[in-house]
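# Observations on chain architecture
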Amino acid sequence: MKNGFVVNIPRAKNLDEELQRTSSSVLCEWALQHLIKRNNGERASKGPCRPGFYSLLSSRDVLQGRGTRKDGGLPSQKVELEDCAGNEAAALQSSDPNFSARAGASILAPAQGARRDQPVRFAVGAGGPPSPQPEGNQVAEGKEASQAPPPVIVFPGSTPNRSRGLRRQKRDWVIPPVNVAENSRGPFPQMLVSIRSDQDKAITIRYSVTGVGADQPPNEVFNIDPVLGKMFVTKPLDREHRSSYHLRAHAVDTNGNQVENPIDLYIFVIDMNDNRPEFKNQVYNGSVDEGSKPGTYVMHVSAFDGDDNTTANGMVGYRILSQTPHGPIPNMFTINSETGDIVTVAPGLDREKVSQYTIIVQATDMEGNLSFGLSNTATAIITVADINDNPPRLTSRTFSGEVPENRVDLVVANLTVIDGDQPHSPNWNAVYRIISGDPSGHFTIRTDPVSNDGMVAVVKPVDFEMNRAFMLTVVVSNQAHLASGIESALESTAGVTISVQDVNEPPYFPTNPKHIRFEEGVPAGTSLTTFSASDPDRLQMQQTIRYSKLSDLADWLSINRTNGQIVTTAMLDRESVYVKNNIYEATFLATDNGSPAASGTGTLQIYLIDINDNPPALIPRESQICERVNKNVHGVNITAADADTDPNAGPFVFELPNFPSSIRRNWTISRISGDFARLGLRYQIYLEPGVYEVPVIVSDSGNPPMSNRSVIKVKVCPCDEHGDCTTLGAVAAAGLGTGAIISILICIIILLSLVLLFVVWMKRREKERHTKQLLIDPEDDVRDNILKYDEEGGGEEDQDYDLSQLQQPDSLEHIISKPPGVRRVDERPVIPESQYPIRPVVPHPGDIGDFIHEGLRAADNDPTAPPYDSLLVFDYEGSGSTAGSVSSLNSSSTGDQDYDYLNDWGPRFKKLADMAGVAAGDVSGDLAGALTGRRPE
């Protein structure tokens, strides 16, 4: 049996043409190269032995620039065969007569051949020793073998030795893998191989295949003719989806009995270049520092090809198609064709000239061969990063400014700078320093974050009388250090002249605040001190200073306007509320006569020395004591308070006066400490419960001492065993007897009773007033809904009527002069008018019917009433009444009439009918007559 593969070798047109193209390369494509390499790797592993060709090495430079010579071997084209059966020799055959192959040797060219520039495909097969009828499988592929019969795979078997002598055993044939190109156009089903058993002549054989692609998903990719054993592929294969299939072929008889052992079939999908390289990103961003040297790494781009990356189909090559902009040269960058790394190839990167480059990168498979490979492109944007290669330069060598004296936080000069680096970056941000001319630190330079200018500001007041001008030396630099090899420019240093402007400075008090000590109680008119100020404007004309008082809370002081002498206007008192911690403080103002005038303030602090000018006061002023001496309570503890301080305060001396004599007879004082004493009743002295005023003389320790006679009110009361006054005793001690206390309690009870009775009477009166209502519900009372707006006529809807005809004429002459019997219906006769009953303000619930009848009788007897229905305005109740209009009432009634429609007028008319106690017809008639002014006919 044979095993085969296809070899492609380029064919040259002529020798001269090939010799001239020494720089070109010709691709020698070996069929099944990836399969053989894979099998070669598996051979070195510990996996099972797989028959086939293993050591087949190919090079892209095969026959490059060469012709084939007779018996000349192709370099590095050695063929090795593994049949997994231990056979040491195998016959190799070539389908091209110009080439031959030997196992373990090179491919030979037996005849002198022409040079090659076009691929030549031929098959190399492997078989056993020559035999009249060789067994095995033979696979022919390629253009030259397309017309050959399909390969046949015979189930392996062994032939027994028929002689008793030693005889070499015939080895098993190698079952090679079946190779199928992906994306085949068919037609389908396409026959791949034919499987045959040696026993098919004796019995009927049924063939089948199992495995992935046959009876396992994806199903029906391969099928086999069960009778003939021909295996077909039914659809195009995709190597990127699945690169190989492992099937098992079975041979059984018609009863299903296994005739042959199953054989393994390996089907490999040959890769075709059907996938373009795809970049991971369409736009790549990278950066490189300006001034970088050639060979500096910039960025990396990568593309992926879905084809087999062990073959040229999946090997991607990179190249740069274009660069924008082209300066300083069109090829500033290059790309590694294999890795996709972009690096610089030329110097001259300058961000200030070109800040960004746009590069179009092309990726091509077939190792970058533009003639055979597929391509794709991506964009690489390279940003030139800024470095500090431009030192800041001041626009002038000298700057100037002015500053008023005694002013701070004021910008006095502006320094402008130019820097070519990227704005608002550390390479551009300027830092200003004063290196000389300001030893006292009067000035500082701040950087404007927007314009990068330097703002010279004064931070410490300057004095015109001491410095009239400052000569500053300023140097400017960047936040970032200059790049290597860049030196600072001469323009980075400049001089700044600051002139000081003289202004009228306010006077100042040399000692501020000023402290003096005086005893309190000094009389008014006493001179305390002279509080004078000085004028700092020494170089100007001598100015006059005037003094005035700015703050003097107690109004104790005055100051001389010209010399600043301070005199008291009242006696100084240390115990005043305006004195804090023995110090009285006053503020004075000194003003010069400059233009404009300036003023300064000074504070005078007077420490007042205490004198004994306040007598002590007794504490407490009220207390209580038991009427009998108790062993637990010995008396009242008393002390004293003195506004003065030591030594004019305590210790105090407590004494009882000699007059009246009853004081010393009943009371006693015993000393507890320097500031405390105890006041108590003498032993075996009993006093009636009450309040007693006990005078006590208190003296301080001043020199001379001051005394004070104080009175303490002591309540004497009965006490319990704990020494506390009882409640009754406390009341009795207040001076009220038992009868008085009882009388007070009775008066309180009577007063509370009267208040309670008055409240009950008011509640009852309120309840009676609510019960005296109409015999209708309060919400149905018509009178409760009358709205008075003090209108003298109708509303806006009545303005179109002429109401003058209803008014009484001013004179009767035009009526009297008329002929008898001729009268206007709207004129009243000259006779006395009837008096209508006056409607009570608060009507009784039972007088409504009487009121209606009285009004009806008055209307009937009124000779001045017109003989027609006219409007009688009793009261204006407003609009929107739920009772509706009463204009539909008439005074004629014939027979029985249904007055149920009165219920539609609202609850008010229904309640009126029920309250009158008459028939509905009579009520409606009387009511209509009363409202219209006419009596029913």
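Our subject is the structure that appears above.
Presented here is a report on the structure given in the accompanying data block. What you are looking at is a predicted structure, and each value in this text was computed from that prediction instead of being measured. (Residues numbered from 1 in each chain as written. Predicted model: local features only at pLDDT ≥ 70, side-chain atom pairs only at ≥ 80, totals over all residues. Heavy atoms only, no water.)

### A word on a nonpolar patch on the surface
A cluster of nonpolar residues, L751, V755, F758, V759, W761 and M762, forms a patch on the protein surface that exposes about 590 Å² of accessible area. Considering the arrangement of structural elements, one finds V755 in helix 5 (residues 738-771). (Patch = residues over 30% accessible without salt bridge, like charges linked within 9 Å, V, L, I, M, F, W, Y side chains within 5 Å. Areas by Shrake-Rupley, 256 points an atom, 1.4 Å probe, with all protein chains shown as cover. Salt bridge = Lys/Arg side-chain N within 4 Å of Asp/Glu carboxyl O. Helix = DSSP H or I, 4+ residues; strand = E, 2+ residues; numbered from the N terminus.)

### Topic: unusual backbone geometry
Of the consecutive residues T324 and P325, the connecting peptide bond is found in the cis state with omega at -5°. Relative to the elements of secondary structure, P325 occurs in the loop between strand 21 (317-324) and strand 22 (333-335). For the bond running from I619 to P620, omega is 0°, close enough to zero to count as cis. Counting through the fold element by element, P620 comes out in the loop between strand 42 (617-619) and strand 43 (622-626).

### Overview of the state of the cysteines
Each disulfide consists of a covalent bond between the sulfur atoms of two cysteine residues. If you walk through the whole model with that rule in mind, you get one disulfide. Residue C626 pairs covalently with C719 via a disulfide, S to S 1.9 Å. The chirality of the disulfide connecting C626 with C719 is left-handed, given an S-S dihedral of about -110°. Here C626, found in strand 43, pairs with C719, found in the loop between strand 49 (707-717) and helix 4 (727-733); they are 93 residues apart in sequence, far enough to count as distant. With relative accessibility at 25%, the residue C719 sits in the partly exposed group. (Disulfide = S-S within 2.5 Å. Buried < 20%, exposed > 50% of the residue type's maximum accessible area, 1.4 Å probe, protein only.)

### Focus on the sheet that holds strand 19 (residues 297-300)
The three strands are arranged 19-23-22 in an open sheet whose pairing can be described as antiparallel. Of all strands in the sheet, those bounded by a partner on one side alone are strand 19 and strand 22. Strand-to-strand, the axes of this sheet are offset by a mean angle of 25°, without reference to chain direction. Pairing of strand 22 with strand 23 (residues 341-344), which is carried by three bridges, proceeds in the antiparallel orientation. Following the sheet pairing, I335 is matched in strand 23 by I342. (Pairing = 2+ DSSP bridges. Axes fitted to C-alpha atoms, helices over the stretch in contact; angles between N-to-C directions.)

### Describing the sheet that holds strand 43
An order of 43-49-48-45 is seen for the four strands of this open sheet, with the pairing classed as mixed. At either end of the open sheet lies a strand with only one pairing partner, and these are strand 43 and strand 45 (653-655). The sheet shows a mean angle of 40° between the axes of neighbouring strands, direction not considered. Bridge count between strand 45 and strand 48 (residues 690-699): three bridges; the pairing is antiparallel.

### Description of the packing of aromatic side chains
Taken as a whole and assessed by the stated rule, the structure comprises ten aromatic pairs. Taking 5.4 Å as the distance between ring centres and 75° as the angle between the ring planes, the aromatic pair formed by F333 and Y357 counts as edge-to-face. Here Y357 lies in strand 24 (residues 356-364) and F333 lies in strand 22, a separation of 24 residues in the sequence. For the residue pair F333 and Y357, the accessibility class agrees, reading buried in each case. Taking the centre distance of 6.2 Å and the plane angle of 85° together, the rings of F531 and F588 count as edge-to-face. Separated by 57 residues along the polypeptide, F531 in the loop between strand 36 (527-530) and strand 37 (545-551) and F588 in strand 40 (residues 583-592) bring together distant segments of the chain. By relative accessible area, F531 is classed as buried at 2%. Given a relative accessible area of 0%, F588 falls into the buried group. (Phe/Tyr/Trp six-rings, centres within 6.5 Å; stacked < 30°, edge-to-face > 60°.)

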